[in-house]
Amino acid sequence: MDKGTLVEFRVQGDSRLGVVDRPDGKTRWFVVDERGQSHSLAPRQITHTVNGQTYKPSEIAKFLEQVKPYLDPSSLEVAWELLVEDGETVTPSQMANLLFSESDAPQCYAAHCLLSEDKLYFKQKGDAYEPRTATQVAERKHQIEVETQKAKGQQEFLGRVEQALKGEPVEWQRHDRQRLEALEKYAVLLADIVRTGVNFDSLARAYPPGVPVLETMNMLGRSATPQAAFQLLIDIGWWNTHENLFLRRSSIPVQFPNKVLEVAQQRLDFPPTDLDVNRLDLTHLKVYTIDDESTTEIDDGLSWELLPDGRERLWVHIADPTRWLIPEDDLDLEARKRGSTVYLPTGMIPMFPEVLATGPMSLVQGKICCALSFGIVLDQTGSVEDYRIHPSLMKPTYRLTYEDVDEMLELGVEAEPEIAAIANSAQRRKAWRYNQGAISINMPEAMIKVKDDDISIDILDDSLSRQLVAEMMILAGEVAARYGQAHNIPLPFRGQPQPELPPEQELLQLPAGFVRSCAMRRCMPKSEMSITPVRHAGLGLDTYTQATSPIRRYSDLLTHFQLKAHLRGEVLPFSAEQLKEVMMTVTSTTQELTMVERQTNRYYALEYLRRHPQQVWQITVLMWLREDSNLALILLEDLGLQLPMVFKRSVNLGEQLLVKVSLADPQKDMIQFQEIIYQEAQSAAN
């Protein structure tokens, strides 16, 4: 090339014009740009040569001004329409003649710029350009339109995010929701911190973000990590600060499908024919339903009557949801998929649609209700002497809370002698079970409730009323199992292997109370399900099944299906193999529910403690988790919470100490306590 030749070249991806100054070795050239900067260029860096005359670096700006009027990209479409049919290639010089009827240096360079920057009509082929086919152009136009719309959508999305970040109301669009739902799926990975114990960095490496998440987070200038995605969803008001990631990570359905809700409403509007045409009329009995005040699904009631021969009969009436469904229908399959009602501090997720569960399926005070009633006569020791099971009609007389019943028992209300009689039977029954080997483990149980943003923690006390109800439910479960065993009916029997408890001498060496109970609890094997009767060591029963919560537990519903079909003399809805298969599915589901309930309760327990950093708590050292590291399980006595604590000195099991929370992070599932001395506790109290 001659000195003064004008060339286009690329430096770090940018195109520039420069004037050839002199050679640089055998193959390279020094080129000076319009700023006077010198560049040593290899031939491959030179993208175009302007022929016809020589230039000085100071003339480059003027040359570009001459080129500028010809840089109209729309003119290429006209040229393409003329050339596409023949498909012949065209050089920048030929294109200049075609577009501008001139081929001087400014026009040729303008044609080069148009062709080299064009992504639609022409593609480069050596030093010339070939027109794309009509099909290719149509496809590229569509792609450009899609990209344009995408860019527009991104800008609009960014605008709505900015609104949301300012706290302004936002109407999210369908495409926004797709972005946000992708972020949701990524953010719920934080739940794996609790499940697996991995840290944030490891989690981010193990689960790299997908393209939608990466694109959205980069667009918003945020790091693409599960924690950042979680925080973004909170910042824009899509989630609240305490979004339940455990629930979202699970397969638990929160809402009912529209089809199921429609079926529920149809059953309510047009009740199906009652298959139990010979229900026993028990509406003459006084019936007590006893629950927490907040309970809305009322599935059991109790009665007592004196028989002509002087014996006493207890009645345990259980709600009859099978009156409203049949095996394998939409309602039954939805309940099976859910496995159980889920109880969380923030509220419950029911197994059946509320319109049925709290209405005709429940035992509603003052209304004639369908039930499955267990009439039971106990002997003097508390053993079952006689029993009968009937589909029935009954009418709940009183809806009582546990506190109501405790007060009635304490005051000895003369107008309600039935309550005292049921309580006496429950005590006799409990004594009988312990004579049969039942194992008593009394540990405080925390009940955590969240209303609005307030968290409350109460201890469920083991009151007489709760013992009364528990004993009656266990009694009905034994009777249902005995009936199934006697008639060879496959049922979801529940058992528990005999535990290998520590020797009595070893237990006596432990402090009495919670420490001893904790040691025994560690030895208790998990309960197990079987389609044939099996002993339940913990309850002291040779056979047992759960039958008293069919609105809230699917296994109880299975028991009702089987028992009621047999009582009607019909073929059982589930064979042994079918029942076994359904039980396996339901057991897997309920294990997941239990885990979500446990994790959610722990989250709010830690959040409660985080909000009370100055509170002094009395704790009891329950057991060692790792004695060599001084890591123990402690009981916060006022809250009924059992949590880990690392001690900085030697402590003994059963020792009672005062502690404060030094760190609580529910999202990371972290809790740390520090022991305080008595003087500090007095200062904190003052």
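Residues numbered from 1 in each chain as written. Predicted model: local features only at pLDDT ≥ 70, side-chain atom pairs only at ≥ 80, totals over all residues. Heavy atoms only, no water.

**A short note on the overall build of the protein**
Point 1. Counting its regular elements, the protein contains 22 helices and 25 strands.
Point 2. Compactness check: the protein gives a C-alpha radius of gyration of 39 Å against a globular reference of 26 Å for 686 residues, more than 25% above the reference.
Point 3. Dimensions along the principal axes, computed over C-alpha positions, put the protein at roughly 130 × 70 × 45 Å.
Point 4. When each of the 686 residues of the protein is scored for burial, the buried share is 47%.
Point 5. By sequence separation, contacts in the protein at least 24 residues apart represent 65% of the contacts at least 6 residues apart.
Point 6. Element-wise, carbon and sulfur atoms account for 48% of the exposed surface of the protein, whose accessible area totals about 35200 Å².
Point 7. Across the protein, the 72 positively charged side chains and the 98 negatively charged ones have centroids separated by 4 Å. (Helix = DSSP H or I, 4+ residues; strand = E, 2+ residues; numbered from the N terminus. Rg over C-alpha atoms; globule rule 2.2 N^0.38 Å. Buried < 20%, exposed > 50% of the residue type's maximum accessible area, 1.4 Å probe, protein only. Contact = heavy atoms within 4.5 Å. Areas by Shrake-Rupley, 256 points an atom, 1.4 Å probe, with all protein chains shown as cover. Lys, Arg positive; Asp, Glu negative; His and termini not counted. Charge placed at Lys NZ, Arg CZ, Asp CG, Glu CD.)

**Some points on the sheet that holds strand 21 (residues 617-626)**
Point 1. The sheet built from five strands is open, its strands ordered 23-22-21-24-25 with antiparallel pairing. Strands at the two margins of the open sheet, each flanked by one partner only, are strand 23 (641-646) and strand 25 (670-675). Averaged over all pairs of adjacent strands, the angle between strand axes in this sheet comes to 45°, irrespective of strand direction.
Point 2. Across six bridges, strand 21 lies against strand 22 (residues 631-636) in antiparallel orientation. Residue pairing for strand 22: W624 is matched across the bridge by A632.
Point 3. Against the sheet, helix 19 (residues 514-523) touches strand 21, strand 22 and strand 23, its axis set at about 35° to strand 21.
Point 4. Sheet strands in contact with helix 21 (residues 576-610) are strand 21, strand 22, strand 23, strand 24 (656-665) and strand 25, and its direction is about 65° off that of strand 23. (Pairing = 2+ DSSP bridges. Axes fitted to C-alpha atoms, helices over the stretch in contact; angles between N-to-C directions.)

**Side note on a nonpolar patch on the surface**
Point 1. A cluster of nonpolar side chains, contributed by V78, L82 and L98, occupies part of the molecular surface with about 270 Å² of accessible area.
Point 2. As for its position among the elements, L82 is in helix 2 (residues 75-83).
Point 3. The exposed category is assigned to L82, whose relative accessible area is 55%. (Patch = residues over 30% accessible without salt bridge, like charges linked within 9 Å, V, L, I, M, F, W, Y side chains within 5 Å. Salt bridge = Lys/Arg side-chain N within 4 Å of Asp/Glu carboxyl O.)

**Some details on unusual backbone geometry**
Point 1. Not every positive phi belongs to a glycine, and N488 is a case in point at roughly 55°.
Point 2. Classification of N488 as exposed rests on a relative accessible area of 70%.

**Some details on the side chain of E418**
Point 1. One can find E418 in helix 16 (residues 417-435).
Point 2. A distance of 3.4 Å separates the side chain of E418 from the side chain of K286, its partner in a polar contact.
Point 3. Not counting the four nearest positions on each side in its chain, E418 is found in contact with K286, Y288 and W304. (Polar contact = N/O pair within 3.5 Å; in protein donor to acceptor, adjacent residues only side chain to side chain.)

**Digging into the packing of aromatic side chains**
Point 1. What the rule picks out here adds up to eleven aromatic pairs.
Point 2. When the centroid spacing of 5.4 Å and the interplanar angle of 70° are considered together, the rings of Y55 and F63 count as edge-to-face.
Point 3. Since its relative accessible area comes to 9%, Y55 is described here as buried.
Point 4. Judged by relative accessible area, which is 1%, F63 ranks as buried.
Point 5. In textbook terms, an aromatic cluster arises when at least three aromatic residues are bridged by ring pairs, as seen for Y55, F63 and Y109. (Phe/Tyr/Trp six-rings, centres within 6.5 Å; stacked < 30°, edge-to-face > 60°.)

**Thoughts on the sheet that holds strand 1 (residues 6-11)**
Point 1. The five strands are arranged 4-3-2-1-5 in an open sheet whose pairing can be described as antiparallel. Of all strands in the sheet, those bounded by a partner on one side alone are strand 4 (38-41) and strand 5 (46-50). The sheet shows a mean angle of 40° between the axes of neighbouring strands, taken without regard to direction.
Point 2. Pairing geometry for strand 2 (residues 14-24) and strand 3 (residues 28-33), over six bridges, is antiparallel. Bridge assignment links D24 to a residue of strand 3, and that residue is R28.

**Regarding the nonpolar core**
Point 1. Ranked by size, the top nonpolar core spans 65 residues in total, and within it W239, L609, L636, L641, F647 and F673 carry the most contacts.
Point 2. No other element matches the eight residues that helix 21 contributes to this core.
Point 3. Contact partners of W239, with chain neighbours within four places excluded, come to E184, A187, V188, F230, L233, I234, L245 and R248.
Point 4. Core analysis: the next-biggest nonpolar cluster, separate from the first, contains 37 residues, I290, W304, I376 and I422 among them. (Core = buried A, V, L, I, M, F, W, Y, C linked by side-chain atoms within 4.5 Å.)

**Quick word on the pattern of salt bridges**
Point 1. Throughout the structure, instances matching the rule amount to 44 salt bridges.
Point 2. Note that K125 and E130 form a salt bridge whose closest N and O atoms lie 3.2 Å from each other.
Point 3. Across the pair R222 and D235 runs a salt bridge whose closest N-O atoms are separated by 2.9 Å. A residue pair is termed long-range when its members are at least 10 positions apart, and R222 in the loop between helix 9 (211-219) and helix 10 (226-235) and D235 in helix 10 qualify at 13 residues.
Point 4. Judged by relative accessible area, R222 falls into the partly exposed class, the value being 26%.

**Description of the packing of helix 12 (residues 258-269) against helix 13 (residues 330-338)**
Packed helices, taken two at a time, are described by the angle between their axes plus the distance between the axes.
Point 1. Where helix 12 meets helix 13, the closest approach of the two axes is 9 Å, and the angle between their N-to-C directions is 130°. As far as their axial angle goes, helix 13 and helix 12 are oblique. Once helix 12 is placed against helix 13, the crossing between them reads as left-handed. Across the interface between the two elements, K259, V260, V263, A264 and R267 from helix 12 touch D330, L331 and E334 from helix 13.
Point 2. Among the residues forming the contact of helix 12 with helix 13, the class breakdown is four nonpolar, no polar and four charged. (Parallel < 35°, antiparallel > 145°, perpendicular 65-115°, else oblique. Left-handed = near helix turned anticlockwise from the far one by under 90°. Nonpolar A, V, L, I, M, F, W, Y, C, P; charged D, E, K, R; others polar.)

**A short note on the pairing of strand 6 (residues 122-125)**
Point 1. Pairing of strand 6 with strand 7 (residues 128-131) involves four bridges; the strand directions are antiparallel. Of the residues in strand 7, the one forming a bridge with K125 is A128.
Point 2. Between strand 6 and strand 7, which pair antiparallel and follow one another directly, the connecting turn spans two residues, one of which, G126, has a positive phi of 70°.

**A few points about the environment of R494**
Point 1. When you line up the elements, R494 lands in strand 19 (residues 493-495).
Point 2. Here R494 falls in the buried class, since its relative accessible area comes to 19%.
Point 3. For the pair R494 and I234, spaced 260 residues apart in the sequence, the C-alpha separation amounts to 43 Å.
Point 4. For R494, the contacting residues outside a window of four places in its chain are S527, E528, M529, V534, H536, Y544, T545 and Q546.
Point 5. For R494, the side chain forms a polar contact with the side chain of S527, separated by 3.0 Å.

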